[in-house]
Amino acid sequence: MKSFLELARNVAAKAVTFMESEVKIRKLTVAEIRAIQDAANKKATTVDADGKQVENLDTMAIEMVWETLKRGVVSPAFGEATIQDLEQFPLDELHKLMTEILSHSGLGEAVKGN
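What counts, and at which threshold
Residues numbered from 1 in each chain as written. Predicted model: local features only at pLDDT ≥ 70, side-chain atom pairs only at ≥ 80, totals over all residues. Heavy atoms only, no water. Axes fitted to C-alpha atoms, helices over the stretch in contact; angles between N-to-C directions. Helix = DSSP H or I, 4+ residues; strand = E, 2+ residues; numbered from the N terminus. Parallel < 35°, antiparallel > 145°, perpendicular 65-115°, else oblique. Left-handed = near helix turned anticlockwise from the far one by under 90°. Contact = heavy atoms within 4.5 Å. Nonpolar A, V, L, I, M, F, W, Y, C, P; charged D, E, K, R; others polar. Core = buried A, V, L, I, M, F, W, Y, C linked by side-chain atoms within 4.5 Å. Buried < 20%, exposed > 50% of the residue type's maximum accessible area, 1.4 Å probe, protein only.

**Here we look at the packing of helix α3 (residues 57-72) against helix α4 (residues 91-104)**
Logical step 1: Relative to each other, α3 and α4 sit at 55°, their axes nearing to 10 Å. When the axis of α3 is compared with that of α4, the two are oblique. Considering only the axes of α3 and α4, their crossing is left-handed. Taken together, the residues of α4 that come into contact with α3 (itself represented by M64, V65, T68, L69 and G72) are L94, L97, M98, I101 and L102.
Logical step 2: Split by residue class, the contact of α3 with α4 holds eight nonpolar, two polar and no charged.

**A look at the nonpolar core**
Logical step 1: Judged by nonpolar contacts, the single largest core of 17 residues is most densely connected at L69, V73, L97 and I101.
Logical step 2: Looking at this core, the elements that each hand over two or more residues are β1 (13-18), β2 (21-26), α2 (30-42), α3 and α4.
Logical step 3: Looking at which element gives the most residues to this core, the answer is α4, with four residues.
Logical step 4: Sequence-distant contacts of L69, that is, excluding residues within four places in its chain, are made with F78, L86, L94, L97, M98 and I101.

This is a description of form; function is not addressed.
Here you go:
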């Protein structure tokens, strides 16, 4: 019988469709979800030219998508991608893939129609 910590190392992966190609995603751990939240929160505010803190929700959202994909996609081709590469993809496709990862990890509902 496996120990509790050994079970945590066996993270299930599954194949999903992303832009008419198959990619593999994996379940995120609690620690990874927290790291995604922390990374996004760091991008939530910036300092403007006057030294005032300004909400930067667009940057926060992109950071959250990037961190989720970086941790959740296990297909080898994704390993070479950068956050700047995200700008080359349709937003709805990135959102679907991110939603699949989060759903597979136990957060939210799966995207219908994939």
